[in-house]
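Residue strings, one per chain:
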Amino acid sequence: MLRRIHALPGVVLALGLTVMALTGVALSVQPALDRLASPAIPVGTSVAALAEAVAARHQGIDSIRVRPDGAVTVAFTDGETRGVERVDPATGAGLGPYHVSETTRVITNLHRAFLTGDAGRAATGAGALAMLVLTVSGTLLLARRLGGAGALLQSIRGTPAQRWHGELGRFAAAGLVLSSLTGAWMSASSFGLIPEHEAAAPMVSASGGAPAPAGTLAALRATDVASLLELTFPAPDDPTDTYGLRTSRGEAQIDAATGAELSFTPATTLDRLNGMIRTLHTGQGAWVLGLVLGLSAAAVPVLGATGIAMWWRRRAARPRIAMNAPARAADTVLLVGSEGNSTWGFAATLHDALTRAGHHVHTAAMNDLQPFSAVTERLLLLAATHGDGAAPASATAFLSRLARQERRVPVAVLGFGDRCFPHFCGYAEEMLAALTANGWPQLLPMKRIDRRSAQEFAQWGRDLGTVLGHDLKLEHVAEPPKTVALELVEREDYGVAVGAPVAILRFRRPGTDGKAGRLPSFEPGDLVGILPPGHPMPRFYSLASSSCDGMLEICVRLRAGGLCSTFLHALAPGDRVEAFIRANPTFRPAAGRAPLILIGAGAGIGPLAGLVRANAAGRPVHLYWGGRSPSSDFLYEHELAQHLAEKRLTSLQTAFSRGPDGGAYVQDRIAADAPRLRELIRQGAQILVCGGRDMAQAVTWALDPIVRPLGLDLPTLKSSGRYVEDVY
Ligand SMILES: Cc1cc2nc3c(=O)[nH]c(=O)nc-3n(C[C@H](O)[C@H](O)[C@H](O)COP(=O)(O)O)c2cc1C
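Everything numeric here is computed off the predicted structure, so don't read it as measured data. (Residues numbered from 1 in each chain as written. Predicted model: local features only at pLDDT ≥ 70, side-chain atom pairs only at ≥ 80, totals over all residues. Heavy atoms only, no water.)

1. With respect to the overall build of the protein chain
In step 1: Tallying secondary structure elements over the protein chain gives 20 helices and 24 strands in all.
In step 2: Structurally, the protein chain occupies a C-alpha span of about 115 × 70 × 60 Å along its principal axes.
In step 3: Going through the 728 residues of the protein chain one by one, you find that 47% of them count as buried.
In step 4: Counting only contacts in the protein chain whose residues sit at least 6 apart along the sequence, the fraction spanning at least 24 positions is 69%.
In step 5: Counting only carbon and sulfur atoms, one obtains 58% of the accessible surface of the protein chain, whose full area is about 34500 Å².
In step 6: The protein chain carries 68 positive and 62 negative side-chain charges, and their two centres are separated by 7 Å. (Helix = DSSP H or I, 4+ residues; strand = E, 2+ residues; numbered from the N terminus. Buried < 20%, exposed > 50% of the residue type's maximum accessible area, 1.4 Å probe, protein only. Contact = heavy atoms within 4.5 Å. Areas by Shrake-Rupley, 256 points an atom, 1.4 Å probe, with all protein chains shown as cover. Lys, Arg positive; Asp, Glu negative; His and termini not counted. Charge placed at Lys NZ, Arg CZ, Asp CG, Glu CD.)

Structure, rendered in structure tokens:
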């Protein structure tokens, strides 16, 4: 719901909000320019002295105004000539005619009303409110994603669009809340929805005597120019007319002959509030605030573009569910937890079969769980597992939402996973434990589906049909991933002599006329899915290059009986494979220049070497890597030496289990380097680990005593994104 509140106005109003924001940026620099252009208003100069100095240069004066931008102007009538000039508030000397440039006028009009009068003003008012809703909902979404309000400043992981959106959003949030609240207020008061105080001056009777020179009038002598807003002069041919003196304290009428204060109407709280809101919105008279608000507004176009990119990606990735019943009318609620979208395909098959059997089925992402209606009879949960037994993207908020659900209905959990992972269907199990602990009745015992097995899914469908009292045939045909052909151009072989063959394989996209084609976009640490010939199930490998390197590189260890690794190891230059890219945004270096500690073993060096290669900016990067023998499987040996010389790599520690020095593992190097690693972690270093599960486990044991004295532990580092793993 919150995401919809954020995404819908964001996508629909992006263009209008961008116009308002960019014009706001242009106007925000005006107070600083005005501050430079206008002489400072002195303290200690009386309004009387200023009025007298100005009166000496003109035949008739209508008013002296101190404008919100700090300029002091005089409206005068000299015979037939009327005009407005800027004056020096200290001396009353003329500084030339006052005018607002045509450009500023157009920008202001665009900002306030899209150049279209009242309708435009109403639209910008609604835009300000929408911006407020977007900022507040965006902050709540970010807090939810990072694990609560207390985690709002933690590093943000995800795709580049997600990271830019989150980083800029939290940078600009305070300024945008201020601008949108004050903008909505000003818009409401311009339409009379909030009263703008305009107290009528009381009727007074002036003495009617001959007007005295302005410089002699007591009430004007007692008022400092620093507090002046406006002084209106009496009409020269009307002896009963008075001076009108408006200051921040209120409005007074002054007798033109005696200088006595005939009336005083104090400024109300509403007057002061309106003035303060105008200053907070425009920054006029507060130029630093103006610049801060301008910087916040400058983030809006980027927030709009990245927000639309994220929305489009999510929309395009999700399969269409035909005949999706609204939640309030559904007897069956089917929720999906998926990262790579394949579980959505199973959900669509189940949804169709249940709908054909006469059920009203509402299918949605697990994060979009809504309170059940009175007609809801059952809940079906289809959940994949990602990370290391973790929730997939569309289920991260599910368990906390489930805890708020009042009604319990019978529930069936179907886990999707891969038996090769130690936490097979770990997230589905975590979910089941939470459901059981909270007293949810089970519709069916939990089932785990290995590697998207259509047979296991069909079997579960039969069991579900038995419980529902009718046949349920689930014939799922997995949609094949959209692949591209890749051609092997180069291979390097290692490790044969030590019984651990590893190949570095470099592919290109075949193009026309023998030229390379355009590779899909990817970064080191993303995954490439490769379909072994005749097998629909892809195998995933971590990428050791970025698409900017002009080739796709992977490091593959030959596994005994491994279908895909055997296929890849048999490839010769010129051979082709069918492949697709799967982003792996959690395994990325955090933005900034904090040191990186890269730890890996064997073929796990692939993505780490790719990260080092991409470090042209010379960020401190320390690599710990373990192999078997320096003479047989020292992967990337020459390239790493070059990276050290070019400062892409700061330090390299290797460990060889069959080395000449008796053998050591990467965790031994870590333990031996404890003081240096502790110092790097104290400086905010991020740790990225890639390789086999046993190595990763041994690394956590070696690191734990290193981080403890810093008041840290690995779960904390993991949850803040400072310890990330790509483990297989
Ligand atoms: C990076 C990655 C990590 C995974 N981690 C696990 C895991 O810890 N346990 C598990 O059983 N399956 C794991 N899997 C397998 C997925 O759960 C399985 O492929 C599932 O069908 C994916 O569904 P989805 O495409 O809807 O996200 C992982 C898959 C990937 C790509």
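Further notes follow.
2. Quick look at the domain arrangement of the protein chain
In step 1: For the protein chain, the assigned domains are domain 1 (2-33 + 104-196 + 278-313), domain 2 (40-89 + 198-267), domain 3 (318-468), domain 4 (484-582) and domain 5 (596-727).
In step 2: With centres defined by C-alpha atoms, the gap from domain 2 to domain 4 works out at 83 Å. (Domains from an automatic or database assignment.)

3. Points about the site of the ligand
In step 1: If you check the shell around the ligand, you find 21 residues, and the closest are Ser338, Ser342, Thr343, Thr385 and Cys425.
In step 2: A distance of 2.7 Å separates an oxygen atom of the ligand from a polar atom in the side chain of Ser342.
In step 3: Contacts to the ligand include His386, whose side-chain N or O atom sits 2.8 Å from an oxygen atom.
In step 4: In the complex, 92% of the free accessible area of the ligand, which totals 640 Å², lies under the protein chains.
In step 5: Those elements giving two or more residues to the shell around the ligand turn out to be α10 (342-356) and β12 (411-417).
In step 6: Classifying every residue of the shell around the ligand gives five nonpolar, 11 polar and five charged. (Near = heavy atom within 4 Å. Polar contact = N/O pair within 3.5 Å; in protein donor to acceptor, adjacent residues only side chain to side chain. Nonpolar A, V, L, I, M, F, W, Y, C, P; charged D, E, K, R; others polar.)

4. Considerations on the pairing of strand β10 (residues 361-365)
In step 1: Burial analysis of β10 places five of its five residues in the buried class, the great majority of the element.
In step 2: Pairing analysis gives five bridges linking strand β9 (residues 332-337) to β10, with the strands arranged parallel. Bridging from a neighbouring strand, Val333 pairs with His362 of β10.
In step 3: For the crossover that starts at β9, traverses α10 and ends in the parallel β10, the hand is right-handed. (Pairing = 2+ DSSP bridges. Right-handed = clockwise from strand over helix to strand, strands pointing away.)

5. Section: the sheet that holds strand β19 (residues 576-582)
In step 1: The six strands are arranged β17-β16-β19-β14-β15-β18 in an open sheet whose pairing can be described as antiparallel. Every other strand in the sheet has two partners, leaving β17 (539-542) and β18 (552-557) as the edge strands with one partner each. Each adjacent strand pair in this sheet contributes to an overall mean axis angle of 40°, direction not counted.
In step 2: When strand β14 (residues 484-494) meets strand β15 (residues 502-508), the two strands line up antiparallel, connected through seven bridges. From the neighbouring strand, Asp493 faces β15, where its bridge partner is Ala503. (Axes fitted to C-alpha atoms, helices over the stretch in contact; angles between N-to-C directions.)

6. Section: the side chain of Arg67
In step 1: Positionally, Arg67 belongs in the loop between β1 (60-66) and β2 (72-78).
In step 2: Using a relative accessible area of 18% as the deciding quantity, one classes Arg67 as buried.
In step 3: Of note is the side chain of Arg67, whose polar atom sits 3.1 Å from the side chain of Thr73.
In step 4: Dropping the residues within four chain positions of it, Arg67 is found in contact with Thr73, Val84 and Tyr98.

7. With respect to the UniProt feature "domain: Flavodoxin-like" (unreviewed entry) in the protein chain
In step 1: Within this numbering scheme, the UniProt entry marks residues 332-465 as carrying the feature "domain: Flavodoxin-like" (unreviewed entry).
In step 2: Counted over residues 332-465, helix gives 34% and strand 22%. Its end C-alpha atoms are 13 Å apart. (UniProt positions renumbered as here; feature names shortened; annotations may be inferred.)

8. Considerations on the sheet that holds strand β22 (residues 651-656)
Either a parallel or an antiparallel arrangement is found when strands of a sheet pair, and the pairing is made through backbone hydrogen bonds.
In step 1: Read across the open sheet, the five strands follow the order β22-β21-β20-β23-β24; overall the sheet is parallel. At either margin of the open sheet sits one strand with a lone partner, and together these are β22 and β24 (723-727). Going from strand to strand, the sheet's axes swing by 10° on average, the running direction of each strand aside.
In step 2: As judged from the six bridges shared by strand β21 (residues 621-627) and β22, these two strands associate in the parallel manner.

9. With respect to the packing of aromatic side chains
In step 1: Taken as a whole, this structure holds 11 aromatic pairs when the rule is applied.
In step 2: An angle of 15° between the planes, with centres 6.4 Å apart, marks the rings of Phe457 and Trp460 as stacked. Of this pair, Phe457 and Trp460 are both found in helix α13 (residues 454-468), three residues apart, which corresponds to roughly one turn of the helix.
In step 3: By relative accessible area, Phe457 is classed as buried at 0%.
In step 4: The structure contains a cluster of three or more aromatic residues connected by ring pairs, namely Phe346, Phe416, Phe457 and Trp460.
In step 5: One Lys or Arg, Arg121, reaches over the ring of Phe191 and ends 4.6 Å from the middle of that ring. (Phe/Tyr/Trp six-rings, centres within 6.5 Å; stacked < 30°, edge-to-face > 60°. Lys NZ or Arg CZ within 6 Å of the ring centre and 35° of its normal.)

10. A few points about the pattern of salt bridges
In step 1: If you walk through the whole model with that rule in mind, you get 28 salt bridges.
In step 2: Residue Glu429 pairs with Arg448 through a salt bridge whose shortest N-O separation is 3.1 Å. Here Glu429 is found in helix α12 (residues 426-437), whereas its partner Arg448 is found in strand β13 (residues 447-450), with 19 residues between them in sequence.
In step 3: Residue Glu429 is classed as partly exposed on the basis of its relative accessible area of 37%.
In step 4: Classification of Arg448 as partly exposed rests on a relative accessible area of 31%. (Salt bridge = Lys/Arg side-chain N within 4 Å of Asp/Glu carboxyl O.)

11. Description of the UniProt feature "transmembrane region" (unreviewed entry) in the protein chain
In step 1: As recorded in UniProt, the feature "transmembrane region" (unreviewed entry) lies at residues 286-312.
In step 2: Between the end C-alpha atoms of residues 286-312 there is a gap of 40 Å, over a span that is 96% helix and 0% strand.

12. Thoughts on unusual backbone geometry
In step 1: If you check the backbone angles, Arg451 has positive phi at about 45° while not being a glycine.
In step 2: Tracing the backbone shows Arg451 in the loop between β13 and α13.
In step 3: Backbone geometry places Lys647, a non-glycine residue, at a positive phi of 65°.
In step 4: The topology assignment puts Lys647 in the loop between α16 (637-645) and β22.
In step 5: Owing to a relative accessible area of 59%, Lys647 belongs among the exposed residues under this scheme.

13. Topic: helix α4 (residues 102-113)
Side chains three or four residues apart in an α-helix point the same way, a direct result of the helix having 3.6 residues per turn.
In step 1: Helix length check: α4, at 12 residues, gives a terminal C-alpha distance of 16 Å against a target of 16 Å (1.5 Å per residue), a fit within 8%.
In step 2: Considered for burial, the residues of α4 that qualify are Thr104, Thr108, His111 and Ala113. Down the axis of α4, the buried set is contained in an arc of 155°. They therefore lie on one face. Every exposed residue of α4 that faces more than 90 degrees away from the buried side is listed here: Glu102 and Thr103.
In step 3: Positive phi shows up at Phe114, right after α4, with a value of about 50°. (Expected span 1.5 Å × (residues − 1). Arc of directions from axis to C-beta.)

14. What about helix α8 (residues 269-282)?
In step 1: The terminal C-alpha atoms of α8, which comprises 14 residues, lie 20 Å apart, in line with the 20 Å expected from a rise of 1.5 Å per residue.
In step 2: Remark: Gly283 follows α8 within two positions and exhibits a positive phi of approximately 75°.

15. Some remarks on the nonpolar core
In step 1: Formed by 27 residues in total, the largest nonpolar core has its most connected members in Leu350, Leu380, Leu382, Phe416, Phe457, Trp460 and Leu464.
In step 2: For this core, the secondary structure elements donating two or more residues are β9, α10, β10, β11 (378-384), β12 and α13.
In step 3: The element best represented in this core is α10, accounting for seven residues.
In step 4: Other than its neighbours up to four places away in sequence, Phe416 contacts Thr343, Phe346, Leu382, Ala383, Ala384, Thr385, Cys425, Ile449 and Phe457. (Core = buried A, V, L, I, M, F, W, Y, C linked by side-chain atoms within 4.5 Å.)

16. Topic: the environment of Lys473
In step 1: Relative to the elements of secondary structure, Lys473 occurs in the loop between α13 and β14.
In step 2: Judged by relative accessible area, which is 65%, Lys473 ranks as exposed.
In step 3: Placed 121 residues apart in sequence, Lys473 and Asp352 show a C-alpha to C-alpha distance of 10 Å.

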